[in-house]
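If you want the building blocks of each chain, they are given just below.
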Amino acid sequence: MDTAEVRLAVTLDPVWAAELRRQWSALMEAAVWSEVKSSRMGAATRMRKRLLDVGEKLRSLAANRDWIPHPREQVKNALGSAFSLKDALTQFERAAQDMDGGAELIPFAAAVIALHATLLAPLAELENRWAALLDSQYLDEDADD
């Protein structure tokens with residue numbers, strides 16, 4: 001695998017990463033400070049924990065992978081981070097569905113949908129690119145045989 005190609009592939013678009021961070025931060029603030037409630041005991045706390053996990057997975061996805069010595073492992077790490085993030089987002093969205101009251105419920109729900117929309121399409125493209133990079137390594141190995 002070409003090191004420069006891998007570096008370029010696993011480095012997120014800084015504008016997109018900044019927008020994800022902004023949306024997540026606004027959503028986190030809303031989850032903690034706004035008037036969004038649930039009729040289910042403990043649901044708000046679970047939702048906040050799931051949202052915090054989304055933030056941690058976003059950070060992992062956006063992290064610099066130069067510390068990983070082998071390009072193939074950098075790609076695998078990025079792909080794993082993407083899968084973990086999608087799983088965390090799904091868990092958060094399920095928990096957010098338990099929010100069923102409060103004066104700021106509608107803007108909160110809109111922010112959840114916006115984060116989902118901003119994240120998933122570009123992430124799917126990245127996952128395909130990373131998977132193609134990994135596949136190309138095996139194709140290159142087969143050609144050498």
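Residues numbered from 1 in each chain as written. Predicted model: local features only at pLDDT ≥ 70, side-chain atom pairs only at ≥ 80, totals over all residues. Heavy atoms only, no water.

Q: Any chance you could explain the pattern of salt bridges here in plain terms?
A: Opposite charge on two side chains lets them pair, provided their charged atoms get close. Per the stated rule, a full pass over the model turns up 8 salt bridges. Close ionic contact of Lys37 with Glu35 constitutes a salt bridge, the shortest N to O distance being 3.7 Å. Residue classification places Lys37 among the partly exposed positions, given a relative accessible area of 47%. Glu73 is paired through a salt bridge with Lys76; the nearest N and O atoms lie 3.7 Å apart. Placement of both Glu73 and Lys76 in helix H4 (residues 71-96) is noted, with a separation of 3 residues, approximately one turn of the helix. Its relative accessible area of 32% is what places Glu73 among the partly exposed residues. Sharing partners across several salt bridges, the network here consists of Arg72, Glu73 and Lys76. (Salt bridge = Lys/Arg side-chain N within 4 Å of Asp/Glu carboxyl O. Buried < 20%, exposed > 50% of the residue type's maximum accessible area, 1.4 Å probe, protein only. Helix = DSSP H or I, 4+ residues; strand = E, 2+ residues; numbered from the N terminus.)

Q: Which parts of the structure should I look at to understand the nonpolar core?
A: Side chains of nonpolar character tend, in soluble globular proteins, to be buried together. The biggest cluster of nonpolar side chains holds 39 residues, and the ones touching the most others in it are Val54, Phe92, Phe108 and Trp130. Residue assignment for this core shows that the elements contributing at least two residues are helix H1 (3-10), helix H2 (14-33), helix H3 (43-62), H4 and helix H5 (105-144). Here the element with the most residues in this core is H4; it accounts for 10 residues. (Core = buried A, V, L, I, M, F, W, Y, C linked by side-chain atoms within 4.5 Å.)

Q: Would you explain the packing of H2 against H3 in this entry?
A: Any two packed helices are characterised by the angle at which their axes cross and by the distance between the axes. Between H2 and H3, the shortest axis-to-axis distance is 10 Å and the interhelical angle comes to 165°. When the axes of H2 and H3 are compared, the pair comes out roughly antiparallel. Relative to H3, the crossing made by H2 is left-handed. Across from Trp16, Leu20, Trp24, Leu27, Met28, Ala31 and Val32 in H2, the residues of H3 making contact are Met47, Arg48, Leu51, Leu52, Val54, Gly55, Leu58 and Leu61. Tallied by class, residues from the contact of H2 with H3 come to 13 nonpolar, 1 polar and 1 charged. (Axes fitted to C-alpha atoms, helices over the stretch in contact; angles between N-to-C directions. Parallel < 35°, antiparallel > 145°, perpendicular 65-115°, else oblique. Left-handed = near helix turned anticlockwise from the far one by under 90°. Contact = heavy atoms within 4.5 Å. Nonpolar A, V, L, I, M, F, W, Y, C, P; charged D, E, K, R; others polar.)

Q: Explain the side chain of Ser34 to me, please; I cannot follow it from the model alone.
A: With respect to the helices, strands and loops of the structure, Ser34 is situated in the loop between H2 and H3. Residue class for Ser34 comes out buried when judged on its relative accessible area of 16%. Within the structure, Ser34 has its side chain in polar contact with the backbone oxygen of Ala30 (distance 2.4 Å). Ignoring anything within four residues of it in the chain, the contact list for Ser34 reads Glu29 and Glu104. (Polar contact = N/O pair within 3.5 Å; in protein donor to acceptor, adjacent residues only side chain to side chain.)

Q: Can you help me understand the side chain of Glu93 in this one?
A: Relative to the helices and strands, Glu93 is located in helix H4. Polar side-chain contacts of Glu93 include one of 2.6 Å to the side chain of His116. Setting aside its immediate chain neighbours within four residues, Glu93 contacts Val112 and His116.

Q: What is the right way to look at the packing of H1 against H4 in this model?
A: Put simply, H1 and H4 touch, their axes get as near as 9 Å, and they point 15° apart. As the angle between them shows, H1 and H4 are arranged roughly parallel. Relative to H4, H1 is oriented so that their crossing is left-handed. Only Pro71, Gln74, Val75 and Ala78 of H4 make contact with H1, whose side of the interface consists of Thr3, Val6 and Val10.

Q: Can you help me understand H1 in this one?
A: Note on helix geometry: an α-helix contains 3.6 residues per turn, so any two residues three or four positions apart are oriented the same way. Of all the positions in H1, only Val6, Ala9 and Val10 are classed as buried. Within H1, the buried residues cover an arc of 85° as seen down the axis, which keeps them to one side. Along H1, exposed side chains directed more than 90 degrees from the buried face belong to Ala4 and Leu8. (Arc of directions from axis to C-beta.)

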